[in-house]
Amino acid sequence: MALLESVTTCLSPAVHYVICELGFEKTETYDINNIVSESGEVCWQAITDHVCYLESDQIVDYMKSIRSLGPVCESVNLHFKSMTKKQFVAQYALWFQWTNYTELFLEVFDVLQYAQPTEIALGLMKLTSCLERALGDVYLLIGKDCPFLLRDLLISEELAVIFGQTVMNVLRVFIGSPYGLNLRNVLWHGFASPQEIPCTDCHQIKMINISYILSEIVGEQLNRSWAYLLCNLLIPLISSQRFLNLNHETLSLAEELVKLSSFVLKMMLPFWLAALTAFRQGRYADSTILLLPQLEAGLRLLFTATNKCPNRLLTAEVSFSVMSMLAKHLSNEDINQLPLVLEEPAMASILKEFLWDFLNHQEGPRVRDHLSHGEIDLKTFPREVANQIVAFAVILLCRFSDEDEIAFKEHVVIKPLMNCASCYCSRFHPISRVKKQVLECMKSIHLWSELPVVPEEQIRAVKGFEGNAEASAFVLKTSEILSQLHQCVPQSCYSSDEPVNSDQIDRLLTELCDMRICTLYSPRSVLEILVVFRKIITQCHQVSGQVIASLELRYNQWINKMLRSRQRQNYLRMLNSIKFLSPVLRLILVMVTLELVNIHLVDKKNAFDYQQYLKFLKSVLQYTENLVTYTNPEKNKWDETMELTNKALTKIKSFSDKKLMLMQLAT
């Protein structure tokens, strides 16, 4: 496939002009003493006077403001560069405490002394995310639910009251509006190259200056006492190992691949090399921050080439997400050609499942979201997560190498990585989460049989208690339904024997959950059913947990003779009830898991059949919700569970009969 040639920038002409030229057109300088006093106080008017507005109203004129603020920022730039680290810390460190990350600003000060383009870009990305998190904390501290996006924070009336409207306008000029410099989005989405970063050298100082300015206002408005109360709820990443650990040899080969791969835009090469270097040095957050935008840039290159829309590569005003690049259809309903360029269906699946897992699924790590919004502690960023991102990048580099791809794939270092990747399946798609819930609930129910219970002879000795024959009838009915459902088990499933005991049922559930189910392009009807499945399993698990707690408590009380007569009767009714509750809950797990295996048939149902199916599932959900209520230790309505179960089994039997009949007609 011929990829786009001779690409020298990913910034559109308008954005390139705004970032690289507009702020440098005015060359006059300002006396720093008119901007910052010797004691470190900021002269507000010296800054806000340079924010320009359209003549018709008070809407910010972004172009004029950037041009006017350029010399002011350059003066601050020169002032900071003239300071030693010791002077900077003494005069300004205290003012950054409101961000809860003072050391980041001190780190960026060091970077500026060397002016390495990739490090400047990295510093800008980290500073913008830190500022966003700090502004969000202010919003939370005044008792408001924090908006998820920086642009929403910067138009909030509440923050305008605290910081002042003119200061908020300064922020919008630099980072909060697509009509301004928009530095955050340009960098985090992989549009700016290292060649363009030196032009934004003084913009980095702007970030520091803005933080300093805001700290003064926070101190004045909130007396700075709240700054020490900040405790960001940093989102912990889910860091289970899926790819092999990367070693020195793998990273060395990756550095070769970067220079050969058509997945890498040549002007972005320094970012890739810096990301690999950061990983070697144990700076895992830095490595990931540098690499994620480049993965997006590489995918955007493939997307624009295969769908013949080169203009989308040079668009920074209106960005389109990685997820939209992986969508089945384009915005005009044409088929997206990107999956086809991957040639191998397995590679297309791996690509999309991995990216959806790590970037998009709500229960996944959503690495870029949390990093770019300042919700992750960079100092403790897990190596495992960075390892997976880098490993995935190596696979893409290999796939789109200009050299002999087969030779690279068979390389002694790369081949195990490719084999590992070929086995990747989504962990955070709702389908995968249902599987996880089923197995966890299964293990919880299995614990029932391991708990101590009162010996049978002691039960028979209790006057006035008689076992209920209905329990045995329910167990028999459950077995009959399970026998029917077993006929619906896919032939590819290993368990061919009909499950007749709990261990065999558990084995069947495990094998069903091991089956690969397509998670890509799930329509709304499928997602709606998955929500109901998850609710059902959640309720079953809660019932199991309550039963376990009650069994343990009541047994200990029985042994220690702490139960009154009525409590002993209730305990025995519970023992009688769990004889049928255990197989019934397992039956529900089997039914849900079988439906999960065939989940994509849901989209083929007509409107009436779909509504009837949904109605049945919601009736099962209602049953499990009622079970949660009746098995609650404070309720202990064990006799009532029998009536509930009788009605539920009747509905499940009817559903099973119909399912079996349709299957027989189909054959």
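Residues numbered from 1 in each chain as written. Predicted model: local features only at pLDDT ≥ 70, side-chain atom pairs only at ≥ 80, totals over all residues. Heavy atoms only, no water.

The name an unreviewed UniProt entry gives the chain is EMARD protein, with Nothoprocta pentlandii as the organism.

Participant: Looking at this structure, how should I read the overall build of the chain?
Facilitator: When helices and strands are tallied, the chain shows 29 helices and 0 strands. Counting every position in the chain, which comprises 667 residues, the buried fraction comes to 56%. In the chain, of all internal contacts separated by at least 6 residues, the share reaching a separation of at least 24 is 76%. Put simply, the chain shows about 30100 Å² of open surface, and 53% of that area lies on carbon and sulfur atoms. (Helix = DSSP H or I, 4+ residues; strand = E, 2+ residues; numbered from the N terminus. Buried < 20%, exposed > 50% of the residue type's maximum accessible area, 1.4 Å probe, protein only. Contact = heavy atoms within 4.5 Å. Areas by Shrake-Rupley, 256 points an atom, 1.4 Å probe, with all protein chains shown as cover.)

Participant: Explanation requested: a nonpolar patch on the surface in the structure shown.
Facilitator: A surface patch of nonpolar side chains, amounting to about 330 Å² of accessible area, comprises Met661, Leu662 and Leu665. Within the secondary structure, Met661 sits in helix H29 (residues 638-666). The class of Met661 is partly exposed, set by a relative accessible area of 45%. (Patch = residues over 30% accessible without salt bridge, like charges linked within 9 Å, V, L, I, M, F, W, Y side chains within 5 Å. Salt bridge = Lys/Arg side-chain N within 4 Å of Asp/Glu carboxyl O.)

Participant: In this structure, what is going on with the environment of Thr650? I would like to understand it.
Facilitator: One can find Thr650 in helix H29. Placed 169 residues apart in sequence, Thr650 and Ile481 show a C-alpha to C-alpha distance of 9.8 Å. Engagement of the side chain of Thr650 in a polar contact is seen with the side chain of Lys477, the distance being 3.3 Å. (Polar contact = N/O pair within 3.5 Å; in protein donor to acceptor, adjacent residues only side chain to side chain.)

Participant: Looking at this model, I keep getting lost on the packing of aromatic side chains. Mind explaining?
Facilitator: The geometry of two aromatic rings is summed up by the distance between their centres and the angle between their planes. Enumeration according to the criterion identifies 13 aromatic pairs in this entry. Geometrically, the ring pair formed by Tyr62 and Tyr179 is tilted, given 6.4 Å between the ring centres and 35° between the ring planes. With Tyr62 in helix H3 (residues 62-81) and Tyr179 in the loop between helix H9 (165-176) and helix H10 (183-188), the pair connects residues that are 117 residues apart, well separated along the chain. Its relative accessible area of 15% is what places Tyr62 among the buried residues. For Tyr179, a relative accessible area of 62% puts it in the exposed group. Seen in terms of ring centroids, Phe474 and Phe580 are 5.2 Å apart; in terms of plane orientation they differ by 75°. Their pairing is edge-to-face. One end of the pair, Phe474, is in helix H24 (residues 469-486); the other, Phe580, is in helix H27 (residues 565-597), with 106 residues separating them in the sequence. Pair check on accessibility: Phe474 and Phe580 agree, each one buried. Among the aromatic side chains, those forming a connected cluster through ring pairs are Phe354, Phe358, Phe392 and Tyr424. Geometry around Tyr101 places Lys379 over its ring, the cationic atom sitting 4.3 Å from the centre. Geometry around Tyr613 places Lys605 over its ring, the cationic atom sitting 4.7 Å from the centre. (Phe/Tyr/Trp six-rings, centres within 6.5 Å; stacked < 30°, edge-to-face > 60°. Lys NZ or Arg CZ within 6 Å of the ring centre and 35° of its normal.)

Participant: How should I be thinking about the environment of Val394 in this particular structure?
Facilitator: Within the element layout of this structure, Val394 appears in helix H19 (residues 383-399). As a C-alpha pair, Val394 and Thr250 span 144 residues in sequence and 8.8 Å in three-dimensional space. Look past the residues within four positions of Val394 in its chain and what remains in contact with it is Ala254, Leu257, Ile414 and Leu417.

Participant: I keep staring at helix H25 (residues 502-514) and nothing clicks. Help me out?
Facilitator: Each α-helix turn comprises 3.6 residues. Residues three or four places apart therefore point the same way. Here H25 contains 13 residues, and its C-alpha end-to-end distance of 18 Å stays within 8% of the 18 Å for a straight helix at 1.5 Å per residue. If you check which residues of H25 are buried, you get Ile505, Asp506, Leu508, Leu509, Glu511, Leu512 and Cys513. As for H25, its buried residues are in contact with helix H22 (430-446), H24 and H27. Its side-chain oxygen at 3.2 Å from the backbone nitrogen of Asp503, Asn501 defines the N-terminal cap of H25. (Expected span 1.5 Å × (residues − 1).)

Participant: Would you mind showing me how to read the environment of Thr99 here?
Facilitator: Within the secondary structure, Thr99 is located in the loop between helix H4 (85-92) and helix H5 (102-112). You can call Thr99 buried: its relative accessible area is 2%. For the pair formed by Thr99 and Ala134, sequence separation is 35 residues and the distance between their alpha carbons is 4.9 Å.

Participant: How should the pattern of salt bridges be read in this particular structure?
Facilitator: If charged atoms from side chains of opposite charge come close, those side chains can pair. In total, this model carries 23 salt bridges according to the counting rule given. Taking the shortest distance from any N to any O, the salt bridge between Asp286 and Lys126 comes out at 2.9 Å. Separated by 160 residues along the polypeptide, Asp286 in helix H14 (residues 284-306) and Lys126 in helix H6 (residues 117-141) bring together distant segments of the chain. Side by side, Asp286 and Lys126 carry an identical accessibility label, which is buried. A salt bridge links Arg133 to Glu375; the shortest N-O distance between them is 3.5 Å. With Arg133 in helix H6 and Glu375 in the loop between helix H18 (367-372) and H19, this pair connects stretches of sequence that are 242 residues apart. Side by side, Arg133 and Glu375 carry an identical accessibility label, which is buried. Where salt bridges share partners, they join Glu107, Lys126, Arg283 and Asp286 into one cluster.

Participant: I'm lost on the nonpolar core in this one. Help?
Facilitator: The biggest cluster of nonpolar side chains holds 138 residues, and the ones touching the most others in it are Leu135, Phe163, Trp272, Leu295, Leu355, Leu371 and Phe381. Each of domain 1 (13-222) and domain 2 (248-423) accounts for three or more of the residues forming this core. (Core = buried A, V, L, I, M, F, W, Y, C linked by side-chain atoms within 4.5 Å. Domains from an automatic or database assignment.)

Participant: Looking at this structure, how should I read the packing of H24 against H29?
Facilitator: Running from N to C, H24 and H29 cross one another at 20°; their axes reach a closest spacing of 10 Å. With respect to H29, the element H24 is oriented roughly parallel. Once H24 is placed against H29, the crossing between them reads as left-handed. In this structure, H24 contributes Glu470, Ala471, Phe474, Lys477, Thr478, Ile481, Gln484 and Leu485 to the contact, and H29 contributes Met642, Thr645, Asn646, Leu649, Thr650, Ile652, Lys653, Ser656, Asp657 and Leu660. Here the residues of the contact of H24 with H29 sort into 8 nonpolar, 6 polar and 4 charged. (Axes fitted to C-alpha atoms, helices over the stretch in contact; angles between N-to-C directions. Parallel < 35°, antiparallel > 145°, perpendicular 65-115°, else oblique. Left-handed = near helix turned anticlockwise from the far one by under 90°. Nonpolar A, V, L, I, M, F, W, Y, C, P; charged D, E, K, R; others polar.)

Participant: Can you walk me through the packing of helix H13 (residues 269-280) against H14 in this structure?
Facilitator: H14 packs onto H13 with a crossing angle of 155° between their chain directions and a minimal axis gap of 8 Å. If you check the angle between H13 and H14, you find them roughly antiparallel. Pair H13 / H14 crosses with left-handed handedness. Residues Phe271, Trp272, Ala274, Ala275, Ala278 and Phe279 of H13 form the contact with H14, whose participating residues are Tyr284, Asp286, Ser287, Leu290, Leu291, Gln294 and Leu295. Across the contact of H13 with H14, the residue classes break down as 10 nonpolar, 2 polar and 1 charged.

Participant: Is there a simple way to think about the side chain of Thr624 in this case?
Facilitator: Looking at the secondary structure, you find Thr624 in helix H28 (residues 607-630). Classification of Thr624 by relative accessible area gives buried; the value is 0%. There is a polar contact of 2.7 Å between the side chain of Thr624 and the backbone oxygen of Leu621. Each residue touching Thr624, except ones within four places of it in the same chain, is listed here: Ile536, Gln539, Cys540, Val543 and Ile588.

Participant: What's the story with unusual backbone geometry in this structure? I'm lost.
Facilitator: The general pattern is negative phi for most residues beyond glycine and trans for most peptide bonds. Unusually for a residue other than glycine, Lys308 sits at a positive phi of about 55°. Residue placement: Lys308 occurs in the loop between H14 and helix H15 (322-325). With a phi close to 55°, Lys561 is a non-glycine residue in the positive phi region. Judged by its relative accessible area of 77%, Lys561 falls in the exposed class.

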